[in-house]
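Letter by letter, the chains look like this.
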Amino acid sequence: MEDKQVMIEVNHICKDYRVLKKGEGLKGAFKGLFTRESTLLRAVDDLNFSIAPGEIVGFIGPNGAGKSTTIKMMSGILTPSSGEILIGGRDITKYRKEVVKNIGVVFGQRSQLNWDLRLGESFELLRHIYRIDKAAYEDTIEVMDEILGVKELLDKPVRQMSLGQRVKGDLVAAMLHSPDVLFLDEPTIGLDITSKYALRKFVKEINEKRGTTIILTTHDLADIEQLCNRLIIINQGRLMEDGNLTEIVNRIAPYKTLVVEYYDEYAPEHEKCELISHEANMAKYRFEKAAVTAAKLIEELSAKAQIKDVSIEEAGIDDIIRIAYGQ
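## Thoughts on the sheet that holds strand β14 (residues 307–314)
- The antiparallel open sheet is built from four strands, whose spatial order is β12-β13-β11-β14. The strands lining the two open edges of the sheet, one partner per strand, are β12 (274–279) and β14. Averaged over all pairs of adjacent strands, the angle between strand axes in this sheet comes to 20 degrees, irrespective of strand direction.
- Judged from the five bridges that link them, β12 and strand β13 (residues 282–288) form a sheet pairing that is antiparallel.

Structure follows, in structure tokens:
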């Protein structure tokens, strides 16, 4: 795949589904045998964005927002009802076979590993499917072993592997053919802390070492905060936000929270912040970053009551999503 200024270009894509209407009760079921009514459901609605080579982009939204549908269209699994998707300058609908050779996909709830084989045998099968040179294959396994420690699992049957081990296997399987683009759709579902750490390490290192463009959908907000500089938020199939993570946070939620532990249970108020919670000797104040500094607040609050300890909380991604969705 040629080096392009834009690796992924999504132009006005829509995806529609026909949903059959079912009448209530026995009468409705009987009627449905002879006449079927349907409604048109638009899962993705005029979506536009582009992604540069080597970017790690967080692609998020609530359940039913159209995230997985969009990922499946970008990876060639589904065809858009209208619009076009260019990967490396090529329309994936028209040149699907050529384009998908340079795409890797990991779905958190589906595995591409063969349950009846050992992990190493699954990798060998994929090597032959992708027609990967033996030397290139072994080099990739070495790199993946450095990142994920996967060699110790090669002789283990896939059906006997834990969820975290299978995710490691799927990550390696998706990278065997050295794709330029990697789609990760909810890869951390059900993983423990150790497995999540391994996955995040994999994403960072594969991006740094190979310049892989990575699109990540997740409900685990820590994934976004630790891996992505850019955030795309969609809801009801429409683009809501697209930009730098920090800039979106500062624009949508331009506040911080000051957590103060007092020596007694009295919590004074301040004109430039809001006392949002007070329990025993702990108090939380929300303040706008542009209006006052945390240092100034602490100084003026300490003049009213003796402070034992303080900490500052930035607005989290969950706050951003909630505000963006108007909740």
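## Quick look at a positive patch on the surface
- A cluster of basic residues, R96, K97, K101 and R131, forms a positive patch at the surface.
- Turning to its location among the elements, R131 is positioned in the loop between α4 (119–130) and α5 (134–148).

## Some points on the packing of aromatic side chains
- Taken as a whole and judged by the stated rule, the model has one aromatic pair.
- The positively charged end of R90 is found above the aromatic ring belonging to Y95, 5.4 Å away from the centroid.
- Between R286 and the ring centre of Y255, over which it is positioned, the NZ or CZ distance is 4.5 Å.

## Details of the confidence of the model for the protein chain
- Per-residue pLDDT for the protein chain averages 88, and the proportion of residues at 70 or more is 94%.
- For the protein chain, helix α1 (residues 25–32) is the element with the lowest average pLDDT, namely 65, and strand β4 (residues 82–87) is the one with the highest, namely 95.

## Side note on the nonpolar core
- Among the nonpolar cores identified, the biggest contains 50 residues, and F123 and F202 are the most heavily contacted of them.
- In terms of residues, this core owes the most to one element, helix α6 (residues 163–175), which gives six residues.
- Discounting chain neighbours no more than four positions away, the residues touching F123 are L113, Y137, I141, V150, L154, G169, V172, A173 and L176.
- The next biggest cluster of nonpolar side chains, apart from the first, holds 25 residues, and it includes I51, A65, I87 and F107.

## Some words on the packing of α5 against α6
- At a minimum axis distance of 10 Å, the contact between α5 and α6 shows a crossing angle of 145 degrees. The element α5 and its partner α6 pack so that their crossing is right-handed. Residues T140, I141, M144 and L148 of α5 touch α6, and the partners they reach there are K168, L171, V172 and M175.
- Per-class residue counts for the contact of α5 with α6 are six nonpolar, one polar and one charged.

## Focus on the side chain of T218
- Among the secondary structure elements, T218 is positioned in the loop between β8 (213–217) and α8 (221–227).
- A relative accessible area of 2% places T218 in the buried class.
- Of the polar contacts made by the side chain of T218, one reaches the side chain of D223; its length is 3.0 Å.
- Non-local contacts of T218, meaning those with residues more than four positions away in its chain, are made with F59, I60, E186, T188, D223 and I224.

About the thresholds
- Once a new chain begins, its residue numbering starts again from 1 and follows that chain's sequence as written.
- In keeping with the predicted nature of the model, local features appear solely for residues at pLDDT of at least 70, side-chain atom pairs appear and are counted solely at 80 or more, and the whole-chain, interface and lining totals rest on all residues.
- The side-chain numbers reported here are obtained from all heavy atoms of the structure, hydrogens and water having been left aside.
- Strand pairing is assigned whenever DSSP identifies at least 2 bridges connecting the two strands.
- Every helix listed is a DSSP run of H or I at least four residues long, and every strand listed is a run of E at least two residues long, numbered separately from the N terminus.
- Helix axes are fitted to C-alpha atoms over the stretch in contact, other axes to C-alpha atoms as well, and angles between N-to-C directions run from 0 to 180 degrees.
- Patch definition: residues above 30% relative accessible area lacking any salt bridge, with like charges linked at up to 9 Å and the nonpolar side chains Val, Leu, Ile, Met, Phe, Trp and Tyr linked at up to 5 Å.
- Only the protein chains shown count as cover for residues, with accessible areas throughout obtained via the Shrake-Rupley method and a probe of 1.4 Å.
- Here, a salt bridge means any side-chain nitrogen of Lys or Arg that lies within 4 Å of a carboxyl oxygen of Asp or Glu.
- The sign given to each residue is positive for Lys and Arg and negative for Asp and Glu; His and the chain ends receive no count.
- To locate a charge, the coordinates of NZ of Lys, CZ of Arg, CG of Asp or CD of Glu are taken.
- The criterion for an aromatic pair is that two Phe, Tyr or Trp rings (for Trp, the six-membered ring) have centres within 6.5 Å, with stacked assigned to planes under 30 degrees apart, edge-to-face to planes over 60 apart and tilted to the rest.
- Here, a charge over a ring is recorded when the distance from Lys NZ or Arg CZ to the ring centre is within 6 Å and its angle to the ring normal is within 35 degrees.
- Every residue carries a pLDDT, the predictor's confidence in it, which falls somewhere between 0 and 100.
- Residues belong to a common nonpolar core when they are buried Ala, Val, Leu, Ile, Met, Phe, Trp, Tyr or Cys residues joined through side-chain atoms within 4.5 Å.
- When a residue's accessible area, from a 1.4 Å probe over protein chains only, is under 20% of the maximum for its type it is buried; when over 50% it is exposed; and in between it is partly exposed.
- Any two residues whose heavy atoms approach within 4.5 Å are treated as being in contact.
- By definition, any crossing whose near helix is turned counterclockwise from its far helix by less than a right angle is left-handed, and any crossing with a clockwise turn is right-handed.
- Note on residue classes: Ala, Val, Leu, Ile, Met, Phe, Trp, Tyr, Cys and Pro are nonpolar, Asp, Glu, Lys and Arg are charged, and everything else, Gly too, is polar.
- Two N or O atoms form a polar contact when they lie within 3.5 Å of each other; inside protein one atom must be a possible hydrogen donor and the other a possible acceptor, and for residues adjacent in sequence the pair counts only when both atoms belong to side chains.

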